[in-house]
Amino acid sequence: MFYFLNDGTTPLILAAAGGHIEAVTELLQQGADPNARRLTGTTALFFAAQGGYMDIASLLLEHGSIVDSCSIDGGTPLFVACQCGHLDVVEGLIERGANPNAYMKDGATALFIAAQNGHLRILEVLLEHGAKTDAARTDGATPLWIGAQMGHDHVVRRLLKAGAKVDATRHDGATPLFKAAHKGHTAVVGELLKYRPSLGILPNGESALHAAALTGQMTVTRQLVGAGADPLLVNQEGITPLQLAIRHSQTQVANYLKDKVRTRTGTS
């Protein structure tokens, strides 16, 4: 007889989560169900993947574990392996049939999770096995978008090389460049600018230069102006990046933009 805790946790799940392969082996030999679920929908395989225990994951799969068994939020063992950075588990699960394009209830894919956490090699493995580069979450955010927001320039570089849309826009109208500019991720901005993203007014009514001016991102401001961004571009409220910098006391940015305007207009 096998006992369950109130949340559905079984001895096999506990053994897998703890990395105890001898206990896992014994329990499976005694007839433990490899697909028993906790109330969250997670199985022993999920916890083996989370812990990075590929030996246990392989054993569970050999005994009938469902490779893409998902939790109540839609996450599979592959998702948690991507989140935790366990490359060998990611490779092992995909070799055993895990779907690289499965998605959670919010639309996030394994590639999105890898990009969000900055796991470049895992991201490359997913791409090599057919992961969709621009698969978006329900809010419109793509792997490139989240990689840019998190400041993972190595991830952004790889996704752009794979053909990711540089101006993929979240439903609020923000692009990867806008978010990177707002947060001051200079290396990300540099990678995005190589692919000629929009420097104009975006669907959110602002430009990337407005975002940089608002938050006082001096280096990003220089990058954007150097790429052709206009210090006098008017946003949806009729305000320019220069005016925005002044309004929010971003003195260094404001002075830089004033100089650029003077140079362009020939005024003193």
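Remember, predicted model here, so these are calculated numbers, not experimental data.

Undergrad: I'm lost on unusual backbone geometry in this one. Help?
TA: The bulk of non-glycine residues show a negative phi, and the bulk of peptide bonds are trans. If you check the backbone angles, R196 has positive phi at about 50° while not being a glycine. Looking at the element boundaries, R196 is found in the loop between α12 (186-193) and α13 (208-215). Taking relative accessible area as the criterion, R196 reaches 76% and is therefore assigned exposed.

Undergrad: Sorry if this is basic, but what is going on with helix α4 (residues 54-62) here?
TA: Every α-helix winds through 3.6 residues per turn, so residues three or four apart in the chain are directed the same way. With respect to burial, α4 is a largely interior element, 7 of its 9 residues being buried. Taken residue by residue, α4 has M54, I56, A57, S58, L59, L60 and L61 as its buried positions. Here the buried face of α4 lies against α1 (11-17), α2 (21-29), α3 (44-51) and α6 (87-95). Where α4 ends, the next residue or the one after it, G64, has phi of about 100°, a positive value.

Undergrad: How should I be thinking about the UniProt feature "repeat: ANK" (unreviewed entry) in the chain in this particular structure?
TA: Mapped onto this numbering, the UniProt entry gives "repeat: ANK" (unreviewed entry) at residues 7-39, 40-72, 73-105, 106-138, 139-171 and 204-236. This span, residues 40-72, is 52% helix and 0% strand, and a straight line between its end C-alpha atoms measures 6 Å. Across residues 73-105, the secondary structure splits into 52% helix and 0% strand, with the terminal C-alpha atoms separated by 6 Å.

Undergrad: How should the domain arrangement of the chain be read in this particular structure?
TA: Interfaces are often sized by the accessible area lost when the parts come together. Segmenting the chain into domains produces domain 1 (1-130) and domain 2 (169-262). Computed from C-alpha atoms alone, the centre-to-centre distance between domain 1 and domain 2 is 42 Å.

Undergrad: I keep staring at the pattern of salt bridges and nothing clicks. Help me out?
TA: Should the charged atoms of two oppositely charged side chains come close, the side chains can pair. Going through the model one piece at a time under the given rule, you end up with 10 salt bridges. A salt bridge links R158 to E124; its shortest N-O distance comes to 3.8 Å. Taken as a pair, R158 in helix α10 (residues 153-161) and E124 in helix α8 (residues 120-128) lie far apart in primary sequence, 34 residues in all. Since its relative accessible area comes to 23%, R158 is described here as partly exposed. Linked by salt bridges that have partners in common, R121, E124, E128 and R158 make up one network.

Undergrad: I tried to follow the packing of α12 against helix α14 (residues 218-226) on my own but got confused; where do I start?
TA: The geometry of a pair of packed helices is captured by two quantities: the angle between their axes and the separation between those axes. In contact at an axis separation of 10 Å, α12 and α14 are set at 10° when each is read in the N-to-C sense. The angle between α12 and α14 falls in the class roughly parallel. Residues T186, V189, G190 and L193 of α12 touch α14, and the partners they reach there are T219, V220, Q223 and L224. Taken together, the residues of the contact of α12 with α14 break down into 4 nonpolar, 4 polar and no charged.

Undergrad: Could you clarify how one ought to interpret the environment of N117 in this entry?
TA: Secondary-structure assignment places N117 in helix α7 (residues 110-117). Overall, the relative accessible area of 30% leaves N117 in the partly exposed class. Along the backbone, N117 and G147 are 30 residues apart, and their C-alpha atoms lie at a distance of 7.9 Å. The contact partners of N117, leaving out residues within four places of it in the chain, are Q83 and H152. Within the local environment of N117, its side chain forms a polar contact with the backbone oxygen of I113, the two atoms lying 2.8 Å apart.

Undergrad: Could you clarify how one ought to interpret helix α9 (residues 143-150) in this entry?
TA: Counting buried residues along α9, 7 of its 8 residues qualify, which places the element largely inside the surrounding structure. Buried within α9 we find P143, L144, W145, I146, G147, A148 and Q149. Among the structural elements, α7, α10, α11 (176-183) and α12 are those in contact with the buried residues of α9.

Undergrad: When you look at the nonpolar core in this model, what are you seeing that I'm missing?
TA: Within soluble globular proteins, side chains that are nonpolar tend to cluster in buried spots. Core analysis: the largest hydrophobic core is formed by 83 residues, its most contacted members being V24, L60, L78, L93, L126, L192 and L224. Looking at this core, you find at least three residues from each of domain 1 (1-130) and domain 2 (169-262). Not counting residues up to four positions away in its chain, the partners in contact with L78 are V90, L93, I94, A98, N99, P100, A110 and L126.

Undergrad: In this structure, what is going on with the environment of G18? I would like to understand it.
TA: Its place among the elements puts G18 in the loop between α1 and α2. The spacing of G18 and L87 is 69 residues in sequence and 19 Å in space, taken between C-alpha atoms.

Undergrad: Honestly, the packing of α11 against α13 in this entry has me stumped. Any pointers?
TA: Axis separation between α11 and α13 bottoms out at 7 Å; the angle between their running directions is 15°. Relative to α13, α11 is oriented roughly parallel. For the pair α11 and α13, the crossing hand works out as right-handed. In contact with L177, F178, A181 and H182 of α11, α13 contributes A208, A211, A212 and T215. Looking at the contact of α11 with α13 residue by residue, the classes come out as 6 nonpolar, 2 polar and no charged.

The rules behind these values
Residues numbered from 1 in each chain as written. Predicted model: local features only at pLDDT ≥ 70, side-chain atom pairs only at ≥ 80, totals over all residues. Heavy atoms only, no water. Helix = DSSP H or I, 4+ residues; strand = E, 2+ residues; numbered from the N terminus. Buried < 20%, exposed > 50% of the residue type's maximum accessible area, 1.4 Å probe, protein only. Contact = heavy atoms within 4.5 Å. UniProt positions renumbered as here; feature names shortened; annotations may be inferred. Domains from an automatic or database assignment. Salt bridge = Lys/Arg side-chain N within 4 Å of Asp/Glu carboxyl O. Axes fitted to C-alpha atoms, helices over the stretch in contact; angles between N-to-C directions. Parallel < 35°, antiparallel > 145°, perpendicular 65-115°, else oblique. Nonpolar A, V, L, I, M, F, W, Y, C, P; charged D, E, K, R; others polar. Polar contact = N/O pair within 3.5 Å; in protein donor to acceptor, adjacent residues only side chain to side chain. Core = buried A, V, L, I, M, F, W, Y, C linked by side-chain atoms within 4.5 Å. Left-handed = near helix turned anticlockwise from the far one by under 90°.

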